[in-house]
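# Per-entry structural report
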Amino acid sequence: MPAGGPGGAPHSPGSVRHAPGDVPHPHDGGPYMPGGGPHAHGGGSNASGGGVPAPGDTAYAPGPAPDTTAYGPDSGAHVPGSAAHAPGGAVHGTGAHDHGRPSDTGWATHAADRETEVFQATDSARPSSAEKSGAGRQRWENARRSRPRPGPADSGSWWRRPAIRRAGIAAGALIAVGGLGYAVDAVLSSGDVPRGVVVAGIDIGGMDVDEADAKLHTSLDGRAGQQLPLQIGDVRAELTPSAAGLAVDWEGTWDRIGGQPLNPFARLVSFFGTREVEVASVVDDAALDRQLTALRVHDRPTVEGTIQFQNGKPVAVPPVPGRVLDTPAARNELIDNWIEGGTLELPVVPAPLTVRPESVERALHEIAEPAVRGDVVFAGKDGDARLTPEQITTVLSFAPDGQGGLAANYDLNAAAAILAPQLAKSEVEPKDATFAVSGGAPRVVPAVVGEKINWPKTLEQLSALLAASQQRSAPAVYEKVEPKLTTEAAQGLGIVEQMGSFTTSGFSGPSGVNIRTVAQKVNGAVIQPGETFSLNDFTGPRGTAEGYVESGIIDHGRPSTAVGGGISQFATTLYNAAYFAGLEDAGHTEHSYYISRYPAAREATVFDGAIDLKFRNNTQSGVYIETFATASDITVRLWGTKTVDVESITGDKTKPTEPTTVTLPKGKDCIASEGAPGFTISDTRVIKDRKTGREVSRATRTVKYDPIPVVKCE
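Residues numbered from 1 in each chain as written. Predicted model: local features only at pLDDT ≥ 70, side-chain atom pairs only at ≥ 80, totals over all residues. Heavy atoms only, no water.

### Points about the overall build of the protein chain
Inclusion rule: Only DSSP runs of H or I with at least four residues qualify as helices, and only runs of E with at least two residues qualify as strands; both kinds are numbered from the N terminus onward. Using a 1.4 Å probe on the protein chains alone, a residue whose accessible area is under 20% of its type maximum counts as buried, one over 50% counts as exposed, and one in between counts as partly exposed. For the area figures, the Shrake-Rupley method with a 1.4 Å probe applies, and any residue is considered shielded solely by the protein chains shown.
Of regular secondary structure, the protein chain possesses 17 helices and 36 strands. Across the 714 residues that make up the protein chain, the buried fraction comes to 38%. Surface summary for the protein chain: the accessible area is close to 37800 Å², and the carbon and sulfur share equals 54%.

### Quick notes on the pattern of salt bridges
Applicable threshold: Here a salt bridge means any side-chain nitrogen of Lys or Arg lying within 4 Å of a carboxyl oxygen belonging to Asp or Glu.
In the structure shown here, the tally under the stated rule is 15 salt bridges. In this structure, Lys 452 engages Glu 427 in a salt bridge whose closest nitrogen and oxygen atoms are separated by 4.0 Å. Placement of the pair is Lys 452 in strand 19 (residues 450–453) and Glu 427 in the loop between helix 11 (412–423) and strand 17 (434–438), with a sequence separation of 25 residues. Arg 616 is the salt-bridge partner of Glu 584, the closest N and O atoms lying 3.1 Å from each other. One end of the pair, Glu 584, is in strand 27 (residues 584–587); the other, Arg 616, is in strand 28 (residues 614–616), with 32 residues separating them in the sequence. Three or more residues joined by partner-sharing salt bridges are found here, namely Asp 234, Arg 300 and Arg 323.

### Details of a negative patch on the surface
Put simply, the rule reads: Think of a patch as exposed residues, more than 30% relative accessible area, with no salt bridge, where like charges cluster within 9 Å and nonpolar side chains (Val, Leu, Ile, Met, Phe, Trp, Tyr) cluster within 5 Å. His is not counted here, nor are the chain ends, while Lys and Arg score as positive and Asp and Glu score as negative. For charged residues, the charge sits on one atom: NZ in Lys, CZ in Arg, CG in Asp, CD in Glu.
A surface patch of negative charge is lined by Glu 276, Glu 278, Asp 336 and Glu 340. On the secondary structure map, Glu 276 appears in strand 6 (residues 275–277).

### Some points on the sheet that holds strand 13 (residues 376–379)
Threshold: Between any two strands, at least two bridges found by DSSP are needed for them to pair. Working convention: axes come from line fits to C-alpha atoms, limited for helices to the stretch in contact. Angles between N-to-C directions cover 0 to 180 degrees.
Taken together, the three strands give an open sheet; going across it, the order is 14-13-20, and neighbouring strands pair in mixed fashion. Either end of the sheet is taken by a strand with one partner, and the two such strands are strand 14 (384–387) and strand 20 (473–475). Geometrically, the sheet is characterised by an average inter-axis angle of 20° between neighbouring strands, direction not taken into account. Here strand 13 runs beside strand 20; their pairing, made up of three bridges, is parallel. The partner of Phe 378 across the bridge, within strand 20, is Ala 474.

### Points about the layout of surface pockets
Using the following cut-off: Buried and open spaces are told apart on a 1 Å grid over the protein atoms alone, a cavity being a set of points where a 1.4 Å probe fits but cannot get out and a pocket being an open set with protein on both sides within 12 Å along at least five of seven lines. Residues with an atom within 4 Å of a point are the lining residues. Grid points are joined across faces, edges and corners, and a volume is the space filled by probe spheres set on the points. Basically, the charged four are Asp, Glu, Lys and Arg, the nonpolar ten are Ala, Val, Leu, Ile, Met, Phe, Trp, Tyr, Cys and Pro, and anything else, Gly included, counts as polar.
Of the volumes computed, that of the largest pocket is approximately 1100 Å³. Contributions of two or more residues to the lining of the largest pocket are made by strand 25 (550–555), strand 26 (558–563) and helix 17 (567–581). Partitioned by chemical class, the residues of the lining of the largest pocket number 17 nonpolar, 18 polar and five charged. Considering only enclosed or pocket space, the second largest pocket measures out at about 490 Å³ in volume. Taken together, 19 residues make up the lining of the second largest pocket; nearest its centre are Asp 432, Gly 524, Ala 525, Val 526 and Phe 538.

### So, unusual backbone geometry
The phi angle at Asn 311 is positive, at roughly 55°, despite the residue not being glycine. Secondary-structure assignment places Asn 311 in the loop between strand 8 (306–310) and strand 9 (313–317). Overall, Asn 311 belongs to the exposed group, its relative accessible area being 84%. Phi angles above zero are rare outside glycine, and Ala 601 is one such case at about 65°.

### With respect to the packing of aromatic side chains
Ring pairs (aromatic) are described by centroid distance and by the angle formed between their planes. To be explicit about the condition: Classification of ring pairs rests on two measures: the distance between centres of Phe, Tyr or Trp rings, Trp counted by its six-membered ring, which must be within 6.5 Å, and the angle between planes, read as stacked under 30 degrees, edge-to-face over 60 and tilted in between.
In the structure shown here, the tally under the stated rule is nine aromatic pairs. Consider the rings of Phe 533 and Phe 538, whose centres lie 5.4 Å apart with planes at 40°: the pair is tilted. Where Phe 679 meets Tyr 705, the ring centres are 5.3 Å apart and the plane angle is 50°; that geometry is what we call tilted. Highlighted residues: Phe 679 in strand 34 (residues 678–689) and Tyr 705 in strand 35 (residues 695–705), separated in sequence by 26 residues.

### Remarks on the side chain of Asn 617
Quick reminder of the rule: We define a polar contact as two N or O atoms separated by no more than 3.5 Å, with the added condition that, inside protein, one atom must be a possible hydrogen donor and the other a possible acceptor, whereas residues neighbouring each other in sequence contribute only through side-chain atom pairs. Here, residues are in contact when the closest pair of their heavy atoms is within 4.5 Å.
Mapped onto the fold, Asn 617 is located in the loop between strand 28 and strand 29 (623–629). Using a relative accessible area of 0% as the deciding quantity, one classes Asn 617 as buried. Of note is the side chain of Asn 617, whose polar atom sits 2.6 Å from the side chain of Thr 619. Those residues in contact with Asn 617 that lie beyond four places of it in its chain are Ile 527, Gln 528, Pro 529, Gly 530, Glu 531, Leu 583, Gly 622 and Val 623.

### As for the pairing of strand 14
The two faces of strand 14 differ: Ala 385 and Leu 387 on one face are buried, but Asp 384 and Arg 386 on the other face are not. Across four bridges, the pairing between strand 13 and strand 14 is antiparallel. Of the residues in strand 14, the one forming a bridge with Ala 379 is Asp 384. Between the antiparallel neighbours strand 13 and strand 14 lie four residues, among them Gly 383 with a positive phi of about 155°.

### Overview of the packing of helix 7 (residues 285–295) against helix 8 (residues 327–337)
The line we're drawing: What sets the label is the angle itself: under 35 degrees gives roughly parallel, over 145 gives roughly antiparallel, 65 to 115 gives roughly perpendicular, and the rest give oblique. We call a crossing left-handed when the near helix sits turned anticlockwise from the far one by less than a right angle, and right-handed when that turn is clockwise.
Where helix 7 contacts helix 8, the two axes come as close as 11 Å, and the packing angle between them is 120°. On the basis of their axis angle, the class for helix 7 and helix 8 is oblique. The handedness of the crossing between helix 7 and helix 8 is right-handed. The segment helix 7 lies against helix 8, with Asp 285, Leu 288, Asp 289 and Leu 292 engaging Thr 327, Ala 330, Arg 331, Leu 334 and Ile 335. For the contact of helix 7 with helix 8, a count of residues per class yields five nonpolar, one polar and three charged.

### Focus on the side chain of Asn 576
Within the fold, Asn 576 resides in helix 17. Exposure remark for Asn 576: the relative accessible area of 0% places this residue in the buried category. With residues near it in sequence (within four places) discarded, Asn 576 still touches Phe 502, Pro 599 and Arg 602.

Function cannot be inferred from these measures alone, as they are strictly geometric.
Here you go:
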């Protein structure tokens, strides 16, 4: 229906103007109102009293205004500035819109209507001669000005253009072919390894999964037991993966290989390339850590910079950088690449450098060079001791201080060993008080207080003296050294009379040498009240360095020789002296075979470091041991305060046993013996109080002697 008014009547000159909110447009475009639909006039209206369009009606705006509206099937509506309304009311053709969008068949009619509308407006708006001036003239010219029409390129939707349609058809065909190819490839490759897959250098792409698995097992199963060459810096080494706890994780490896890709692009790419898949490994962490620790033997620690003395002159030695195994990185390298089988280069890192180069130079100029500038002198009481520059180089050394520098080290023991002999004559050795027997009675020999150089205290000055440029001498520090047994203490021990004595004889030659040597060592020993005497502890080692010689012994019942042979006779003599002095037996051992020159069941043997003789001073006074020997006998006397009398009761020999006969090849190792029977015997010691005669104790000791075998040398 006409769009001009309710009855469809065209707008004539002087007709009623459209007011905002006036009669709605009969199509879906909306009412005739500013912004309200397809025919909105941007707020403009037809002027009353002559139908002159109001300012703001884009059709009649002063000056040329290009029409920017694209007319076409989907343009949808006339936007402001698109339509001209004659003052008398332009006729809007019916059927030109379908809910605001012109149809294809109505487009020509719409365009024609628009042109007719413009010319109708022009004719009806033509001014009279009286009005051909001013604004009326301008409006008339505007009405006559033609509007641009849509060209061929503006007609129809973009997807309806022929080129677009042809491109769409080609794309559709391509997609259809690609989809068909994808489906065919998916069916054909089902159950196969994805194309292009390479595992540890083994191409299994496109193979049947079972065949690929068999191929991998055949190629890789043995590698865990094979030696793997390693390169650690410039050192070559080897490692067995299985020993390092490494093995193929087959399940994990197949998880990495994966299945056929669903992505079409990935399938397409697989035709033209390869995909490297790393083998997954099973790792025994403890075993791998042990192997990595073992490989640390190839570490090369940094040789720190230091100072050395060459021909008496200090020289700065620059550091030599080292390298150590980068254990975490090496661990990852082994786990990831052991299966490859080739030489594996394990990563290393520089070894720590703890001494800075400038610290070496500082130590050279500030410590080492001044130290050997001249002699260092220590003044003693009867002379001087000195360290020469050459000797100083054996005393002074350098080591890292832990803070990037070099610290000077002074070997005080070495310095004292050089200096002490030079001042030995100025020292006095301390001597314990002792006893001497004269006129049948002991007397005290006074002690001597020593005066010795305290070398640790003296050498506290060494570092300052080595750094000095002028005064390089200092006094030696002497100290008094008290004896272990002072004169006063010896006088209070109550050593006034003989307590016990015993003598044995029948030795000669090498045995006599050993007996006299040990007797001289023990002579003068003092045993404090309550103290236990040990023969082995007191004499110390009894070897050739101490003056002992090889002599006869009994070894497993047969005569033999050993260094120190014969000392058992001194032990037997000492034991009996203590026995009759009433001292407490703290441990002794009889010979296995009876020796006729010893009292049966009252004798003792010793062996260096194994069998000892011990007795305890159980009296209130001290005990002084006196020994003296001749060419064939040895006597031991114990002096102190005698409080008891001792009696020995020896039993009869019982349970005799006959010797066996041993035949040995003639030679120096065979010493013939007539043998002797064995027997059992006991000894009872009875101790009585010296003043009252009361029996204090009675103890019996039974000894079984083995027979001495008959030895024949043939």
